[in-house]
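This is what each chain is made of:
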Amino acid sequence: MEDRGAFVVRSNGPLSGTVRVAGATKNAGLKQMAAALLAPGATTLRNVDPVADLDVMIDVVRALGAAVEWVGPHEIRVDASGEITGEAPYELVTRMRASINVLGPLLGRCGSARVAMPGGDNIGNRKLDMHFRGLEAMGAELSVVRGFIEARAPVLTGARVVLEFPSVGATENLLTAAVLAKGTSVIENAAREPEITALAAMLNRMGARVFGAGSSTIEVEGVEEVAGVDVEVMGDRIEAGTYLMACGIAGGEITIEGTSLHHLELVARKLGEMGMRVSAAPSGLWARADERLRAADIATLPFPGFATDYMPLAVALLSVADGTAIVTENIFDNRFSFVDELNRMDADIRTEGRHAVVRGKPRLSGAPVRALDVRAGAALVIAGLAADGETVVFDRHHVDRGYRDLAGSLRSLGADVEAVGADRPSGEEGP
Ligand code: EPU
C-alpha cells in the first residue's frame, strides 16, 4: 500500500505555551495567487508555506504561462508579465478544487479559458452552477466539454448577480472576473468570509475598484488594467480554531499568535458557552480550559456563522465533553464521514442526514484511523489528545494540504504528536 504518512498521537496532559499560526495558504493564498494572473507584472505573496495544495496551484499558474519562484522561505513571486494562455490542464485541476479560481482572472485577462472540472476534498457534491450563472450574466459563454469548462467572453460586461447562497468560491471568481470587466458589477448575497475581504483588499491595491467586501453586497467598478503588488497573506483562522479545540480537549492554557479574535468570534463564543475562556491577546488569542467542557449544540453557517471547517474539530471536542450535543451541518451535504473513524476511537456519535448527535465520554480509546479530508484528519489528531493509548491517523497527506506542520505546532504546546513516514513530512521540507 502507498505510504501517505501518518500521525502518531498519545495523550500527554494539558497544553501550555504559545503557537503561531501560519498564513492561510490554502483558503486565502491560493486565491490570491490566482488573482495575480490579472496583472501583467509581478506579485509577491508573503506568509505562505509550501503546503501540498500550493504546489498544485503553482503548477496550474505555471501551465498558464506565469513564472513562479520561491524568493524566501515564506515568500513566493508570481510573474504574469508574459503571455497567459487560458488552458488549465486536467491532471492539475482535478487534484484541487481551488484551481477553479483561475477561471475569473483568465476570463478577465484573456477573454477565454479552458479549465478542467476540479477535484478536491470528498465532502459532498460541490457544484459550480453559481460560478457559471454569474459569469454568464457578465457575458461569458460557458460549456462543459469532455470534462473541461470552456469559457469565452470577448467582452466581459459588469452585471448584477444575486447568488442563491453565499458561496466562497463563486464570490471569488465573480469578484476577480469583474475587476477588468466593462462597467460596474454588483454581487448580492456575496460570501463575507475574511478571506474574501483579504482578496478584495489585494485587488484594490493592484488598482481595482472593489467596494463592500466583507458585507453581502460587493460592488466592482471595472478598470482597464491592474498591476502586481506585494501581499501579506492573512493568518489561518481555521488553524487557530484547531488549537482552540485542541486546548478544549486536552485542557490547559495557550496563546495563539498571528490571528485575530474578530475572525473567530463565534467559535470563541461557543467555546465560552462550553466553559472555556477565550479572549483577545496583543498578538492574537489567549485560551484556557480548566475542566472538562460542557456540551453545546452547533450549527454551521456562512461567515460570520460557525464555519463548516471547524465542524469536524468541534465534533472531536464534543465527543469528550460532558453531555449530549446536536451538530447540524448546513454547508456541505456529506461532511460526516469522519464520524465512523471517531467512533472507532470509542466516541459515541450517531448521524442522520445533516445532523449528528454526539454523546460525550470522559475519554476516548486510541485506535488506528484514517484522515478522510484535511479537517477530518486534524479532528482525529486532536481527539487522540484525550484517548488512552496510541492513536495512529493514517493518510496524513490530506492534513498536509492545509497545515504547515500540525504535529510540530501541537508539540510546541506540549502535546505528544509525531508526523511519521511518507512523502513530505509537513513543514519539514523547504521550498
Ligand atoms: N455550491 C453550489 N454551487 C456553486 C458553488 C457552491 O451549490 O456554484 C455549494 C457547494 O456545493 C457547497 C456550498 O455551496 O455545498 C458552499 O460552497 P463554497 O463555494 O462556499 O465553498 P468552496 O469555495 O468550494 C471554500 C473553502 C472550504 C470551505 C468552504 C465554505 C477553499 C479552498 N475552500 O470552499 O474549505 O469549507 O469555502 O466555507 O477556500 C477546508 O478548508 O477544509 C475547506 C474545505
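Remember, it's a predicted structure, so these values are computed and weren't measured experimentally. (Residues numbered from 1 in each chain as written. Predicted model: local features only at pLDDT ≥ 70, side-chain atom pairs only at ≥ 80, totals over all residues. Heavy atoms only, no water.)

## Brief notes about the confidence of the model for the chain
Piece 1. When the pLDDT values of the chain are averaged, the result is 93; 96% of them are 70 or greater.
Piece 2. Predicted confidence for residues 425–431 stays below pLDDT 50, and this span has 17 contacts to residues more than four positions away or in other chains. (pLDDT = per-residue confidence, 0-100. Contact = heavy atoms within 4.5 Å.)

## Some points on empty space enclosed by the protein
Over the atoms rolls a probe the size of a water molecule, and its path tells where empty space is left.
Piece 1. Tallied over the entire structure, the rule returns 3 cavities of 30 Å³ or more.
Piece 2. Computed from the structure, the second largest cavity encloses a volume of approximately 50 Å³.
Piece 3. The class makeup of the residues in the lining of the second largest cavity is 4 nonpolar, 3 polar and 5 charged.
Piece 4. Each of domain 1 (6–22 + 242–420) and domain 2 (25–224) accounts for three or more of the residues forming the lining of the second largest cavity. (1 Å grid on protein atoms, 1.4 Å probe; cavity = no way out; pocket = protein on both sides within 12 Å on 5 of 7 lines; lining within 4 Å. Points joined across faces, edges and corners; volume = space filled by probe spheres on them. Nonpolar A, V, L, I, M, F, W, Y, C, P; charged D, E, K, R; others polar. Domains from an automatic or database assignment.)

## Focus on the environment of Val339
Piece 1. Within the secondary structure, Val339 sits in helix α11 (residues 338–344).
Piece 2. Sequence separation of Val339 and Met33 is 306 residues, and the distance between their C-alpha atoms is 34 Å.
Piece 3. If sequence neighbours within four positions are ignored, Val339 has contacts with Ile349 and Thr351. (Helix = DSSP H or I, 4+ residues; strand = E, 2+ residues; numbered from the N terminus.)

## Things to note about the site of the ligand
Piece 1. Around the ligand sit 24 residues, and of these Asp129, Met130, Ser167, Asp309 and Ile331 come closest.
Piece 2. Note that an oxygen atom of the ligand is positioned 2.8 Å from one of the backbone N or O atoms of Gly169.
Piece 3. With the chains in place, 91% of the 830 Å² that the ligand exposes on its own is no longer accessible.
Piece 4. The set of elements that each furnish at least two residues to the shell around the ligand consists of α1 (25–35), α5 (129–137), α6 (168–179) and α12 (374–383).
Piece 5. Partitioning the shell around the ligand into residue classes produces 8 nonpolar, 6 polar and 10 charged.
Piece 6. Both of domain 1 (6–22 + 242–420) and domain 2 (25–224) provide at least three residues apiece to the shell around the ligand. (Near = heavy atom within 4 Å. Polar contact = N/O pair within 3.5 Å; in protein donor to acceptor, adjacent residues only side chain to side chain. Areas by Shrake-Rupley, 256 points an atom, 1.4 Å probe, with all protein chains shown as cover.)

## Some words on unusual backbone geometry
Piece 1. For the peptide bond that leads from Phe303 to Pro304, omega is 10 degrees, which places it in the cis range.
Piece 2. One can find Pro304 in the loop between β18 (298–299) and α10 (311–318).
Piece 3. Look at Asn47: it is not a glycine, yet its phi comes out positive at around 65 degrees.
Piece 4. Within the secondary structure, Asn47 is located in the loop between β3 (42–46) and α2 (52–63).

## Quick word on the environment of Val71
Piece 1. Position of Val71 relative to the elements: it lies in strand β4 (residues 67–72).
Piece 2. When the C-alpha atoms of Val71 and Arg46 are compared, they prove to be 9.5 Å apart, with 25 residues separating the residues in sequence.
Piece 3. Excluding its chain neighbours within four sequence positions, the residues that come into contact with Val71 are Thr44, Ile76 and Arg77.

## Some remarks on the sheet that holds β18
Piece 1. Overall, mixed pairing links the 4 strands, which are arranged β18-β19-β21-β20 in an open sheet. Looking at which strands have only one partner, the edges of the open sheet turn out to be β18 and β20 (348–352).
Piece 2. Relative to strand β21 (residues 355–359), strand β19 (residues 324–328) runs antiparallel, the two being bridged by 5 bridges. By the bridge assignment for β21, Thr328 is matched with His355. (Pairing = 2+ DSSP bridges.)

## Remarks on the packing of α1 against α2
Piece 1. One way to put it is that α1 packs onto α2 with a least axis distance of 10 Å and a crossing angle of 10 degrees. The orientation of α1 with respect to α2, classified from their angle, is roughly parallel. Residues Thr25, Lys26, Leu30, Met33 and Ala34 of α1 touch α2, and the partners they reach there are Asp53, Leu54, Met57, Ile58 and Val61.
Piece 2. Here the contact of α1 with α2 is built from residues that sort into 7 nonpolar, 1 polar and 2 charged. (Axes fitted to C-alpha atoms, helices over the stretch in contact; angles between N-to-C directions. Parallel < 35°, antiparallel > 145°, perpendicular 65-115°, else oblique.)

## What about the pairing of strand β8 (residues 141–145)?
Piece 1. Two elements, β8 and strand β9 (residues 148–152), share 5 bridges in a ladder whose sense is antiparallel. Bridge pairing in β9 places Glu141 opposite Arg152.
Piece 2. Count of turn residues in the β8/β9 antiparallel hairpin: 2 residues, of which Arg146 carries a positive phi of about 45 degrees.

## Overview of the sheet that holds β4
Piece 1. As summarised here, the arrangement of the 4 strands in space is β4-β5-β3-β14, forming an open sheet in which the pairing is mixed. The open sheet has two free edges, formed respectively by β4 and β14 (230–232), since each of these has just one partner strand. Taking the axes of each pair of neighbouring strands and ignoring which way they run, one obtains an average angle of 20 degrees across the sheet.
Piece 2. Strand direction decides the pairing type here: β4 and strand β5 (residues 75–79), joined by 5 bridges, are antiparallel. Bridged to Glu69 within β5 is Arg77.
Piece 3. Here α1 sits on the sheet and contacts β3, β4, β5 and β14; the angle it forms with β3, its principal contact strand, is near 175 degrees.
Piece 4. Sitting on the sheet, α2 is in contact with β4 and β5, with an inclination near 135 degrees to β4.

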